[in-house]
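Results of the structural survey
In case you want the letters, here they are:
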Amino acid sequence: MFHSAGQLKWNGTSDSGIACTIPSKSQPLADRSGEIDTKLIEENHLGIVLSKPARPLEPFRLSPEFRNRVWGFEDLTPWFNVRAEGDPIGEVWLTADTCVVETGANAGKQLQQVIQEFGPELLGPKFQGTSFPLLVKVLFPREKLSVQVHPDDKLAQQYGLPRGKTECWYALGAEPGATVAVGFKPGVTEDQVRQAIEDATLENLLEYLPFSKGEMIFVDAGTVHAIGPGSVILETQQNSDVTYRLYDYGRPRELHVDRSLEAMRASTRAGKVPARVEGNHITLIDEHYFRVDSFQLHGVVSSQELAVSDPNEVQIFFVVDGDAKIAGDGFETFSLSRCQVAVIPASCGPWDLHCDRSVEIVRMVPKG
Ligand SMILES: [Zn+2]
C-alpha cells in the first residue's frame, strides 16, 4: 500500500517543500519499491496512515542584539545593563531572525534556524517563509532620528523586497516635552515637501505630537515620520529594515529623496491609538499586521489566562517591569526580567507564568 507524501500532515521540512512527515533527511519515507518505512509512520487497523502529532514546542527566551546608531546612548542602564563600546547604541533588536535562543532544547540556535526547522509549529499556519513576522525593538533616541518613510508591501515588492514596513510605537518611558512627528501638517503638498528638502526646512512641515509614557502611536507604511529625543520606545514592526531618509539634520548619512517621495502618502491613518480595556488586559493597538496588549499580572498565571483568541498564533512577551518565570511540563523553567523577550510558539503545550510581585508585560501577536 502506497501513500503519497502529499497525503500526510505537515510535520517537518522537506527539501522539495512538499508537505510530509519526515523526521530526518537520512531516513527515507519510502524505498525504491514504493514500500513505506513502517518504523516512521504508524498505521491504524484500517491501514490509514496517521502522522504522529507534532511535539509541542516549548516557550523560549531570546537574546537581544544591540545596534549602533549615531543618535543613540552610550549607556542603556537601567533598561539594559549595557554600555556601548565605540559608537552609541540606538536600537535593541529583540526578535531579529539572527537573535539567539537562550533557553531550552533549541538554545544556541538563531531564531531563523528554529523557523526553518519547525515552521508552522512555531509561527502557526498563517505564516510561511523563514523570517519571523514581527521585528520588536527598543529605541533609545538621545538625538533626533532622521525624517523618514517606509514603503508598503506593494512598493517594497516592486523593488524585490519581501515586505514593507508598518510600525507602532509604545512609550516605555518619556521625559516631559518628548515629541514625535507623524505625517505632515494638514494641506502640505508634494511640491512643498520637495522645496523643504532643498531648503533643509522639512521639519517645519511635520505634525508633532507630544509623547507620554504608556501611549501608543500607529505609523502605517507611507507615513513620513521622525522620532525626537526624550522617550524610550518599544517598537513593533513588520520584519523589514527598509528605510528611506528625506532629511537628516545635516548628518552625513545617505538620503533617499526619490524613493521617499514615491513611498510617502499625503494622508495616512497614523496617530495616537486610544487604549481599550478587554477582559484581563488592555489592547494598545489591533491593526492588520499586529496586535499589542498590555497585562499587569500577579501570582501564578496560566497559559489559558493569557491565551489569544486563535490558539494557533505565536506570541511575543516583553517584560516592561518586574521579574517572572515561565514553567511547564517537558521544559526547563526560565526567568524573564525587564526588557527580556519570550516567544510562545503557536503549538505550545500548557505553561504558567510565575510573577514575582507585580509584573507588567506587553504582548505582541503577529496577524498577517
Ligand atoms: Zn520608522
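Residues numbered from 1 in each chain as written. Predicted model: local features only at pLDDT ≥ 70, side-chain atom pairs only at ≥ 80, totals over all residues.

1. Some thoughts on the overall build of the protein
Per the secondary structure count, the protein includes 5 helices and 22 strands. Considering only contacts in the protein between residues 6 or more positions apart, those separated by 24 or more positions represent 71%. (Helix = DSSP H or I, 4+ residues; strand = E, 2+ residues; numbered from the N terminus. Contact = placed C-beta atoms within 7 Å.)

2. A word on the sheet that holds strand S5 (residues 89-93)
With antiparallel pairing, 7 strands are arranged side by side in an open sheet as S4-S5-S6-S13-S8-S11-S15. Of all the strands in the sheet, just strand S4 (65-73) and strand S15 (271-273) have a single pairing partner and so form its edges. Strand-to-strand, the axes of this sheet are offset by a mean angle of 30 degrees, without reference to chain direction. Where strand S8 (residues 167-174) meets strand S11 (residues 216-219), 4 bridges bridge the pair, whose relative direction is antiparallel. What sits directly across from Cys168, in S11, is Phe218. (Pairing = 2+ DSSP bridges. Axes fitted to C-alpha atoms, helices over the stretch in contact; angles between N-to-C directions.)

3. Describing the pairing of strand S6 (residues 134-139)
Among the 6 residues in S6, 6 count as buried, and that is most of the element. Because side chains alternate across S6, one face comprises the buried residues Leu134, Val136 and Val138, and the other comprises Leu135, Lys137 and Leu139, equally buried. The sheet contact formed by S5 and S6 spans 3 bridges and is antiparallel. Looking at S6, one finds that Val92 is bridged to Val138. Across 6 bridges, S6 lies against strand S13 (residues 231-238) in antiparallel orientation. Residue pairing across strands places Leu135 opposite Gln237, the latter belonging to S13. (Buried ≥ 20, exposed ≤ 12 C-beta atoms within 10 Å, placed from the backbone.)

4. A short note on the environment of His288
In this structure, His288 sits in the loop between strand S17 (281-286) and strand S18 (290-302). Dropping the residues within four chain positions of it, His288 is found in contact with Lys367 and Gly368.

5. Observations concerning the nonpolar core
If you look at the biggest cluster of nonpolar residues, it comprises 88 residues, and the most contacted ones within it are Tyr170, Ile217 and Phe318. Per-element tally for this core: the top contributor is strand S22 (residues 352-366), with 7 residues. Counting contributing residues, this core receives three or more from each of domain 2 (62-273) and domain 3 (276-366). (Core = buried A, V, L, I, M, F, W, Y, C linked by C-beta atoms within 7 Å. Domains from an automatic or database assignment.)

6. Overview of the environment of Ala84
Examined against the element boundaries, Ala84 turns out to sit in the loop between S4 and S5. On the basis of neighbour counts, which here come to 16 C-beta atoms within 10 Å, the residue Ala84 falls in the partly exposed class. For the pair formed by Ala84 and Glu74, sequence separation is 10 residues and the distance between their alpha carbons is 4.8 Å. Residues within four places of Ala84 in sequence aside, it is in contact with Asn68, Glu74 and Ile89.

7. Digging into the confidence of the model for the protein
Chain-level pLDDT for the protein is 86 on average; 85% of the residues reach the 70-or-more range. Confidence drops under a pLDDT of 50 for residues 1-53, and excluding neighbours within four residues, the segment shows 53 contacts in the predicted structure. (pLDDT = per-residue confidence, 0-100.)

8. Some remarks on the environment of Arg291
One can find Arg291 in strand S18. For Arg291, a count of 20 C-beta atoms within 10 Å translates into the label buried. In this structure, the C-alpha to C-alpha distance between Arg291 and Pro366, residues 75 residues apart in sequence, is 6.6 Å.

9. Section: helix H1 (residues 111-118)
Residue pairs three or four apart in sequence face the same way in an α-helix, which turns once every 3.6 residues. Every buried residue of H1 is listed here: Leu111, Val114, Ile115 and Phe118. Burial along H1 is one-sided: seen end-on, the buried residues are contained in an arc of 100 degrees. Buried-residue contacts for H1 involve strand S3 (60-62) and helix H2 (120-123). Looking one or two residues beyond H1, the residue adopting positive phi is Gly119, at roughly 40 degrees. (Arc of directions from axis to C-beta.)

10. A look at unusual backbone geometry
With an omega of 10 degrees, the peptide bond between Thr77 and Pro78 qualifies as cis. The topology assignment puts Pro78 in the loop between S4 and S5. Although it is not a glycine, Ala200 adopts a positive phi angle of roughly 60 degrees. Turning to its location among the elements, Ala200 is positioned in the loop between helix H4 (190-199) and strand S10 (206-210). Its identity as a non-glycine residue notwithstanding, Arg357 has a phi of 60 degrees, on the positive side. Its location among the elements puts Arg357 in strand S22.

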